[in-house]
Amino acid sequence: MSTIVSPEKKAARPRWQNALLSRDAVMVAILIATIITASAMLPRFASPLTVGFLLIDVIPVLLIAMPMTLVIIAGEIDLSVASTAGLTSALMGVLWQSGQSMVTIVVLGLIAGLLCGALNGLLVAGLGLPSLAVTIGTLALYRGLALVTIGDDAVADFPVEATSFVTSKIGATGIPVVMIGALLIVLAYAVVLHMTPFGRGLFALGFSTEAAKFVGVKVDRTKFWLFVGTGVVSALAGIFWTLRYSSARSDNASGLELAVVAAVLLGGVSIFGGRGTILGVVSAVLLIGTVNYGLRLERVSDVVLIIVTGALLIISVVGPRIAEGVATRWRGRRLRARVSPTSS
Amino acid sequence: MTSNHEAAPAPVVLELRNAVKSFGAVVAVSDGTIELREGEIHALIGENGAGKSTMVKILAGVHRPDVATFQVAGEDASFRNVGDSKAAGISVIYQEPTLFPDLTVAENIFIGRQPVNRLRLIDRRRMRRDAAALFAELGVDLDPHRIADGLSIADQQLIEIAKAISMDARVLVMDEPTAALSGAEVDRLFTVARRLRDQGVGILFISHRFEEIFALTDRITVMRDGAYVSTHQTAETTEAEVVREMVGRSVDQLFPKEPAPIGEPVLEVTGLTRRGIFSDINLVVRSGEIVGLAGLVGAGRTEVARAVFGIDRYDDGSVTLNGTPIPPHDPQASIDAGIAFVPEDRRKQGLVMDLSVARNATLAVRRELARMGLISASHEREVAEEWTDRLQVKTSSQSAPVSTLSGGNQQKVVLAKWLATEPSLLIIDEPTRGIDVGTKSEVHRLISDLAGRGIAILMISSELPEVLGMADRVVVMREGRVSEVIDRSDAVPEAVMRAATAAREEVPA
C-alpha cells in the first residue's frame, strides 16, 4: 500500500503548499482577530498603556527572532542567543561599575555578541559541526561566562537617562521609542531575506545544500555570517533587557531562546529549512505577545501563559499536517478506486 | 563445468513474469520476466536503466509491481514489504551492505531474532556458536566476536550471505556484488556462491562484468528498456551476442543532433585527478560541439563534471574555459566564467522544490538581477518569463511552486535557470532522466539548438541511444579513467559498451 501511495504523495503537495503559502495571510488574520477579540472582551485592553507594555514586552523576542528566522530558513538553529544576551548584560554591569561611559559599554557589549556569534559560526561553518549540538554547548558556555563575569551580583544603578530613554514613549501613542529601532532591524532583515541575492541563496541552502552549491552559494561563508548576525542582535536584545529593567544579572533573558524558536516556528518557518517569511514571524511574535498580555490582564498565572504558547505552537505545526494527511488519504482512496477495476 | 545442471532442469524456485512497474509517468519496467531454478546461478544483465534494479527491488519487496505474475516455490507471491520477501525465502545482497557497525558479526547475523535462554535474555554463546557454524558451512574464515566496524565490503557481503543462509533462503539475489571487490575477494565470493548452488539455492547474479558472468553463471537473462529480451544457457552463447541484445534498439528512438559548425576549444581539462575517484582525465569540448560522456554508473563521470564545475575538490590537473584557468572548488567563479551545470538529481540539486517557478528560474542569475543590491519582484518575473517562455515551460503561473510541474517541465525550468546565465559551456548530467518521451525529444532538440548557437556541451548520459544520437564525440569512462574516445562516425552501441565494460588489460592505452 505504501508503495502505491508514494507517487501520489508528490501530486498531493501543491494544495498543501498553497495552503502554506497563504499562511502569512492566515497569521495576520488571526492576529487581527485576536486583537479585536481582546479589545472587545477586556475593557482595559484597548489603551495606549497596553500598546506600550505589549510592545516593550515583545521587543527582545522580536529582535532575536529576525536573525533566528534566517538561521532556521538556512537549515540551522542557534540556541545560544539568550545566553549571549545574558553575557552581554553581565558585561554591561561590570563595565558600568568600573566606570566606563555608556557608549563604550554598548559598543563593547555588541562586540561581545559578535564574538559569541563568530565562535558559533566557526564551529558550525568552519568545522562542519551540527548547529544544534554546537549552540547547546555555547548556550551553557556563554551563560557560564556570564556567571564568571558578574557572579551572583546584580548591578542596578544604571544612569536614569539611559533607562528612561529605553522605556520612553512616542508622545501619547504609547509606542516605545526603541520600537523605531526594532522596526528598522525588522525591515533590514525583511529586505535581506526577501529582496537580496543573499536571501535567495538562503532558501536554496535550507532546502538542499547541494542545490545551493550548484547556484554558487558559498555555504560556509553564508552560515558564518548568519551566526554573527544572531550574536550581534542577541547582544542588542541583552542591552535593551538590562536597561529596561535597570538590572545587569547573569541570568537575564534565560530561557528566551525557546520563546524565540517557538515564535519563529509559529510564524510558519520550517524547522527543516527552506521556507518562511519575516511577515509571518512578526505576526507570530505579536500574536503570542497579545495573547500573553491579554491573559495577564485577566490575572492568569505565568504557568498558564507558557501552556498557551506551547499549545499555539503545536497547533500551528500539527494543523497543516492533519490537513495534508486527510487530503492524502482521500486521494489515495480515490486512486485505488480508479485502479482496482483495471488491474488484472 | 556446469553440465550436470543442464541435463535435467531443476524445479523452478522463483518466477516473475510480465512485471510492470511505473513511477508516475515513468515506466521503469514494462515487461520484466525472470525464471530462477533451484541450484542455478542466473545472470540478469542489461544497460543502465534497463530495469535490473527495479526487478531486484520487486523481488526484495521494496517495490510492488503494478502488474505481474509472481510465484515463489510454486506459490503465488505478493510482497507488501521487505519482511514478506524475506519470509518467502528471498535474500538480497547489495553492492554495499549496511551492517550495524557497533555490533559484533554474530549479533549482525542474528539481529532481531537472537536466540534467547530460559530467562529470555540473549544467549550469546549459542549465537556465536551458530555464527561460527554458518561460516564453516560457507567455508570462510571470519571471527563472530569481531565488531563489524572496519570490515571490508567483501567480508560484510559474506556476513549478509551467512545471515541469508541462517534464514533458510532459497533465493539469493546479488546486486552487483563484485563492483567493489578485489580479485581474490571475487574468487572467494564465487567459491561460496558455487557451494550454495550445489546445496540447491537459486542465485540471481547482477553484474556488468562479462568475464565474471561467463565464469560463474549457468544461464543469462537479458533486459533492455525495462523489458525481457531473452534467456540463454551461458555455455551456448557469446559475449558478442548478449551485448548485441543489450543495446539493440529500433531506429525511431534515436535522437539526431543537427549539424553545427564546430569552433574553438571552450573547455579544456588536463590531467584532472581526484584520488580514489578518477585519474588523469583529459577532455576538450569545442564551441558548437556536443561531447557525450558515457560509461557505467559509478565510472566517475558525474564526479569529473562536479570537479570541473567546482562543487568538489580535485587533487591534480587543471580546467580552463576559453583559455582562462577556472579556479578549483568555486562554483560561483565557474558560473561567472560562463559554465552552466544541469545536475542529475533535479529534485535535490537542480531545483528548490518549495520555491516558485520564477524564483527557481532566476536563482543562478540572482546577483545580476539585483539593482543596487536589491531584487525587484517584477524584474525577477520578467527575466523568469523570458526564459521559461523560450523553453515553453508549461505552468499555471510563475508563482506556482516548481514542485507542481511535471518532470519534463521541471527539467525545462532547470535549463531555463542555466540558460539565463548565458553560458559558453553547458554541462548536462542525465538530461532526460525520468521525463516522458514527448518532452525527451523536446529537450534533445533544445540541446541540439544550443549547440547550433555555439555553446559547447558536455553531456553525461547513461542512455546509449541518447549519447549516440546527440554526441559529436563520445568519451567513454571506466573505473575512473577515460577508456576510449570514439568519433561520431565510429560510435556504434557495441563499441561504447565494450569500452565501458571491458576488463582493463584488454583495452589499448
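Note that the structure is a prediction, hence the values are computed from the model and not measured.

Quick word on the domain arrangement of chain B
Residue and element names in this part refer to chain B.
Now for step 1: The domain architecture assigned to chain B consists of domain 1 (3-99 + 151-248), domain 2 (252-338 + 423-506) and domain 3 (355-421).
Now for step 2: The gap between the C-alpha centroids of domain 2 and domain 3 is 25 Å.
Now for step 3: Taken together, the contacts link 15 residues of domain 2 with 14 residues of domain 3.
Now for step 4: Carbon and sulfur atoms make up 65% of the surface buried where domain 2 meets domain 3, a total of about 1,200 Å² over both sides.
Now for step 5: The interface formed by domain 2 and domain 3 holds two salt bridges in total.
Now for step 6: A salt bridge links Asp336 to Arg367, with the nearest nitrogen and oxygen atoms 3.9 Å apart.

Observations regarding the nonpolar core
Now for step 1: Counting residues in hydrophobic clusters, the biggest one holds 160 residues, and the most contacted among them are Leu272(B) and Ile457(B).
Now for step 2: Sorting elements by how many residues they give to this core places helix α3 (residues 48-73) of chain A first, with 16 residues.
Now for step 3: Structurally, this core is a two-domain feature, drawing no fewer than three residues from each of domain 2 (252-338 + 423-506) and domain 3 (355-421) of chain B.
Now for step 4: If we skip the residues at most four places from it in the chain, Ile457(B) touches Val285(B), Glu289(B), Ile290(B), Val291(B), Leu425(B), Leu426(B), Ile428(B), Ile447(B), Leu450(B) and Ala451(B).
Now for step 5: With 62 residues, the next largest nonpolar core counts Ala164(B), Met174(B), Val242(B) and Val467(B) among its residues.

Some details on empty space enclosed by the protein
Residues and elements named next belong to chain B.
Now for step 1: Counting across every chain of the model gives two cavities of 30 Å³ or more.
Now for step 2: There is about 90 Å³ of room inside the largest cavity.
Now for step 3: Within the residue set of the lining of the largest cavity, elements represented by two or more residues are β13 (290-295) and α19 (493-501).
Now for step 4: Take the lining of the largest cavity: its biggest share by element is three residues, from α19.
Now for step 5: Residue composition of the lining of the largest cavity, by class: six nonpolar, four polar and one charged.
Now for step 6: Estimated volume of the second largest cavity: approximately 30 Å³.
Now for step 7: Ile45, Gly46, Ser207, His208, Phe210, Met246, Met497 and Thr501 together form the lining of the second largest cavity.
Now for step 8: Class assignment for the residues of the lining of the second largest cavity results in four nonpolar, four polar and no charged.

Thoughts on the environment of Phe224(A)
Residue and element names in this part refer to chain A.
Now for step 1: With respect to the helices, strands and loops of the structure, Phe224 is situated in helix α11 (residues 219-245).
Now for step 2: Counting along the chain gives 81 residues from Phe224 to Arg143, while the straight-line C-alpha distance between them is 21 Å.
Now for step 3: Discounting residues that sit within four places of it in the chain, Phe224 has contacts with Ala118, Gly121, Leu122 and Ala125.

Regarding the interface of chain B and chain A
Buried accessible area, meaning the area lost when the parts come together, often serves as the stated size of an interface.
Now for step 1: Taken together, the contacts link 37 residues of chain B with 32 residues of chain A.
Now for step 2: In total, chain B and chain A occlude about 3,000 Å² of area from one another, counting both sides; carbon and sulfur atoms represent 59% of this.
Now for step 3: Between chain B and chain A we count four salt bridges in total.
Now for step 4: Notably, a salt bridge pairs Asp330(B) with Lys218(A), separated by 3.6 Å at the nearest N-O pair.
Now for step 5: The tally of links between chain B and chain A comes to nine residue pairs in polar contact (both at pLDDT 80 or more).

A short note on the pairing of strand β17 (residues 425-429) of chain B
For a regular strand, the rule is simple: side chains alternate between the two faces of the sheet.
Residues and elements named next belong to chain B.
Now for step 1: Counting buried positions along β17 yields five of five residues, so the element is predominantly enclosed.
Now for step 2: Judged by which residues are buried, β17 turns out to be covered on both faces: Leu425, Ile427 and Asp429 on one side and Leu426 and Ile428 on the other are all buried.
Now for step 3: The sheet contact formed by strand β16 (residues 339-342) and β17 spans four bridges and is parallel. Within β17, the position partnered with Val342 by the bridge is Ile428.
Now for step 4: By the bridge criterion, five bridges tie β17 to strand β18 (residues 456-460) in an arrangement that is parallel. If you follow Asp429 over to β18, its bridge partner there is Ile460.

Re the sheet that holds strand β11 (residues 265-274) of chain B
Residues and elements named next belong to chain B.
Now for step 1: Read across the sheet, four strands follow the order β12-β11-β14-β15 without closing on themselves; strand pairing throughout is antiparallel. Here the strands that pair on one side only, and so sit at the sheet edges, are β12 (278-286) and β15 (324-325).
Now for step 2: Sheet topology places β11 next to β12; six bridges connect them, and they run antiparallel. Bridge pairing in β12 places Leu267 opposite Val285.
Now for step 3: Across the sheet, helix α10 (residues 301-309) lies against β11, β12 and β14 (316-321), angled at about 110 degrees from β11, the strand it touches most.

The rules behind each value
- Residues numbered from 1 in each chain as written.
- Chains lettered and ligands numbered in written order.
- Predicted model: local features only at pLDDT ≥ 70, side-chain atom pairs only at ≥ 80, totals over all residues.
- Heavy atoms only, no water.
- Domains from an automatic or database assignment.
- Contact = heavy atoms within 4.5 Å.
- Buried area = accessible area lost by both parts, 1.4 Å probe.
- Salt bridge = Lys/Arg side-chain N within 4 Å of Asp/Glu carboxyl O.
- Core = buried A, V, L, I, M, F, W, Y, C linked by side-chain atoms within 4.5 Å.
- Buried < 20%, exposed > 50% of the residue type's maximum accessible area, 1.4 Å probe, protein only.
- Helix = DSSP H or I, 4+ residues; strand = E, 2+ residues; numbered from the N terminus.
- 1 Å grid on protein atoms, 1.4 Å probe; cavity = no way out; pocket = protein on both sides within 12 Å on 5 of 7 lines; lining within 4 Å.
- Points joined across faces, edges and corners; volume = space filled by probe spheres on them.
- Nonpolar A, V, L, I, M, F, W, Y, C, P; charged D, E, K, R; others polar.
- Polar contact = N/O pair within 3.5 Å; in protein donor to acceptor, adjacent residues only side chain to side chain.
- Pairing = 2+ DSSP bridges.
- Axes fitted to C-alpha atoms, helices over the stretch in contact; angles between N-to-C directions.

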